[in-house]
Every structure is written in structure tokens, then in C-alpha cells.
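# Tertiary structure, described
Take a look at the letters that make up each chain.
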Amino acid sequence: MILALYNLLWRMARPLLLRKLQRRGAQEPGYLHAVHQRFADYTTQEREQAQAHAGQWVWVHAVSLGETRAAGILLQALREAQPGLRLLLTHGTATGRQEGQKLLHAGDLQVWLPWDERGAVKRFVQTFRPRVGLMLETEIWPQLLRTCQQEKVPVALVNARLSEKTLRQWHRLPRFAQQTYGSLAMAFAQTEQDAAHLRTLGADPVLVTGNLKFDAVPDAALMEQGRALRQRWQAHEATPRRVALLASSREGEEAMWLQALQALSAEQREAVQWLVVPRHPQRFDEVAALLQTADFAVHRRSTEMLAAGTSTTVWLGDSMGEMPMYYAMADLALMGGSFEALGGQNLIEACACGCPVLLGPHTFNFSEASEQAIAAGAALRRADMAQAVQQALDVLLSDDAHRLQTMQQAARAFSQAHRGAAARTVSHLQQRGWLG
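Residues numbered from 1 in each chain as written. Predicted model: local features only at pLDDT ≥ 70, side-chain atom pairs only at ≥ 80, totals over all residues. Heavy atoms only, no water.

### Details of the overall build of the chain
- Check the secondary structure of the chain and you find 20 helices and 14 strands.
- Referenced to the eigenvectors of the C-alpha coordinate spread, the extents of the chain come out at roughly 65 × 45 × 40 Å.
- Across the 436 residues in the chain, those meeting the buried criterion constitute 54%.
- Looking at the chain alone, contacts between residues at least 24 apart form 67% of all its contacts between residues at least 6 apart.
- A total accessible area of about 18600 Å² is found for the chain, and carbon and sulfur atoms account for 51% of it.
- Distance between charge centres in the chain, computed from 45 positive and 41 negative side chains, equals 8 Å. (Helix = DSSP H or I, 4+ residues; strand = E, 2+ residues; numbered from the N terminus. Buried < 20%, exposed > 50% of the residue type's maximum accessible area, 1.4 Å probe, protein only. Contact = heavy atoms within 4.5 Å. Areas by Shrake-Rupley, 256 points an atom, 1.4 Å probe, with all protein chains shown as cover. Lys, Arg positive; Asp, Glu negative; His and termini not counted. Charge placed at Lys NZ, Arg CZ, Asp CG, Glu CD.)

### Some thoughts on the side chain of Arg-79
- With respect to the helices, strands and loops of the structure, Arg-79 is situated in helix H4 (residues 65-81).
- When sequence neighbours within four positions are dropped, the list of residues in contact with Arg-79 reads Leu-85, Leu-87, Leu-103, Leu-104, His-105 and Asp-108.

### Quick look at the packing of aromatic side chains
- Following the criterion strictly, the structure yields 14 aromatic pairs and no others.
- For the ring pair Tyr-6 and Phe-176, a centre distance of 6.1 Å and an interplane angle of 55° mean the geometry is tilted. With a gap of 170 residues between them, Tyr-6 in helix H1 (residues 2-12) and Phe-176 in helix H9 (residues 174-181) connect regions that are remote in the sequence. Comparing Tyr-6 with Phe-176, the two get one shared label, buried.
- In this structure an aromatic cluster arises from ring pairing among Tyr-6, Trp-10, Trp-141, Trp-170, Phe-176 and Tyr-181.
- Positioned over the ring face of Trp-112 is Arg-38, at 3.8 Å from the centre of the ring.
- Over the ring of Trp-112 we find Arg-97, and its NZ or CZ is 4.9 Å from the ring centre. (Phe/Tyr/Trp six-rings, centres within 6.5 Å; stacked < 30°, edge-to-face > 60°. Lys NZ or Arg CZ within 6 Å of the ring centre and 35° of its normal.)

### Here we look at the nonpolar core
- Ranked by internal contacts, the top residues of the largest apolar core, which has 46 residues, are Trp-59, Phe-124, Phe-128, Leu-144, Tyr-181 and Leu-198.
- No other element matches the five residues that helix H6 (residues 118-128) contributes to this core.
- Discounting residues that sit within four places of it in the chain, Trp-59 has contacts with Leu-88, Thr-90, Leu-113, Phe-124, Pro-130, Val-132, Gly-133, Leu-134, Met-135, Leu-144, Cys-148 and Val-155.
- Leu-229, Cys-355, Ala-410 and Ala-411 belong to the second-largest nonpolar core, a separate cluster that totals 36 residues. (Core = buried A, V, L, I, M, F, W, Y, C linked by side-chain atoms within 4.5 Å.)

### Considerations on the sheet that holds strand E8 (residues 243-249)
- If you trace the seven strands from one edge of the open sheet to the other, you get E10-E11-E9-E8-E12-E13-E14, paired in parallel fashion. Both edges of this open sheet fall to strand E10 (297-300) and strand E14 (379-381), since each of them pairs with a single strand only. Ignoring strand direction, the axes of neighbouring strands in this sheet form an average angle of 25°.
- Where strand E12 (residues 332-335) meets strand E13 (residues 357-359), two bridges bridge the pair, whose relative direction is parallel. What sits directly across from Leu-334, in E13, is Leu-358. (Pairing = 2+ DSSP bridges. Axes fitted to C-alpha atoms, helices over the stretch in contact; angles between N-to-C directions.)

Given below as C-alpha cells:
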């Protein structure tokens, strides 16, 4: 009954979804690419490509940017285990799709995952006939999972996480939750807590394999580029200042940060060089305007226009795929997404680059990793943005240079201590016979 109502709502929402795509596409044109795939209404050429290898596709779904980067780590291990792998890569966002293009090899396919309406997902599954589906992190689509189960396509939730908030929401519909999570063939959880939550909702079997993001190795060339860019941008300073980074900031967090800066004395504001890197590209211009309204000169990565060299210059990282470069430029990072109730962004990547982090109160997307980083001395948590900004100044301006160096060393050691999730996941997939 609930699933029937769920499908009816999807059908009724189609005009609204199309309008939403048009609005998003005005800011990010990638959303307007191949809209027909959202409804699994494939062209003749797309059907022929799909059906040429039906039954062979290893289907990986990575909804957005973070999941796609995790998928890249998994895919490297998958291709090493099965060199002839035929990849079907699906996404839900334009940034995820753009990042996913880097992961494609000859013979692979990339399409949008259709919206979760019965007819659309049935056409998707019957068109591609994947041998296995690997859904990254939190991607649970009830009708898609039910259809895959009916069509005998095993689907595993990989690098799975499930927060307390999401668990409470699913508990409002316990029978629907049991049917949905019970449709999974397997789940590979990041932590024991995630595994317990998944089992509570009906997933079985569930194995704890760790977080794929620990297996990421920062791009050495990008990091070297970051160090060189920092030197070039600081060439005008007689004594180059420490650099503090507001990393992967989300809407509302830049305003919080500006408010915290305005509460400082002029001497404190000018004591460090700030670098701001918004999470989403459609907000780059918006953040630049916000900074200029607050009387900061803005030095943008995209133009590399040299600012006047004043102490009120903010560096703006307005590029995609260059986070290792930005972490290499910084001495310390405030982690975006953790100061609004958004769950936090990827602190593991920062630590792998040797950049310790300051966290806000909201880190449910990386709950265990955050606590482990704090315990390892690679991170500190503060109650709000104002406290985090003050803590950044305390660390960066301390007479004890050993304190910052110790945190940077702890960050690298923390990231290296938890690797191996990709190899463990692939091993279990092979044991199940899902990779051929």
C-alpha cells in the first residue's frame, strides 16, 4: 500500500521535477544534459549500447561529488581485480556526473539514475541488466531496490552510513523500512554503529569494511601546485602569514565566518591569511560578492588576478577537483558543513593532505571518523564558528610552533591508520561471485 502511494506521488511530481531541473540548469547547465534518461526513456543508440553488454555491467551509483570520489577509490580496486570490467556509472547531480567522467574507460557507460518511479526503474533495469549494483553510502531508493530484487539483480550498499536522524525517520514507517532495506543483497558499513543501524532496518547480511575515503591518496602534483601558488600569492609579504582555510563551505557558513571575523580586532583579522573554498560551484560568484560587500579584496583562483597585496585580501578557491591543492596551501582548515546542521564535509581528505581540522558541532556524516580524528590529535571540535575562528588564531599564532606541527603529523598518521576498505569490499564481492 505504501509503495503504491509512493509511486503515485512520483508520477504526480513529474512536472515539478522537470521545473526543478530547469531552475538548476540555469545555474548548472549539466542538469539539462540527457533529461530523458531521468525517466529511462532511452534513445535507440543508448539502448543498443546498453544491450550489447546486458548481463555484464557492474553498475555503480554515486549520487553526487563526494560519493563519486569514493566510487573512484572503489573502481580502482575493482579494475585491478577484474581488468575487463564493464562499468555502468550513474549519478543524480551535475557535479557528480562531471567528476564521474574522469572514471570512465573505453566501453563504459554513464547515464543519469532515473527517478524512483516504477515504470522508469523497471525500464532501467531491463535495459541494462547489470550483473550487480553497488550503491554508494546512503542511496536507498525503495522502488529501485524492489525492482532489482524482482529482476534478480543483486544490489549492495557500499561504504554505507546511516545516521541517528535517518534511523529515526525510517522508524516512523517500520514495515516499509524492513521491506526496503531487506531488498538489499548485502551492505558494507563504514562503522559498527552504521552496521547496527542498517541491521535494525532489515539489511542482512551487513559487514563492516571501513570508510573508502581513507584509501584516497592525495594528488602529489596538485599539492606541489598548492605550495607554489601560496608562495606566489604571498610574494609581496615581508613575513608570510599562516593560512587558514574555510573548506567546502555551505550556504550560510560564509556569513557566520564573516560575523566571527567582524567581532575580532583589526589586528586579529589581519594576523592570518584566509582562504575560502565553497562546496558548490554555483555559489562561487555569490560568495565573491559577499566578501566584497564586507570590504574584502578577493583574489580568485579562476583568474589568478593578483590582488593589491593588502591584509584585507581573501583568497577564493573557485575551482573544482583541486581540494588537495587548497589543503596544501593551508596550515589549518575549518571544515564546512559542520557549522550548519548539514553533517560535515570530508575531513579525511584534509587529514590525508596533512591539514588538521577544526570541526563544528554537526558531523553526523563523518561521526566516527570525527571522533577518531579528535582522539588522534588531528582535529579539534568547537561549539560554533566564532569559537572555531578564535581557535584557529590561537593555534596559528601560538609562539609554540611545535603545536601546529604535531597536529599536522597527527593528521597524516590518522588518515594512514584506517586504510584498506576498498580491498576488503572487493574481496567480499569476489567471494559472492558478483564480479565474474
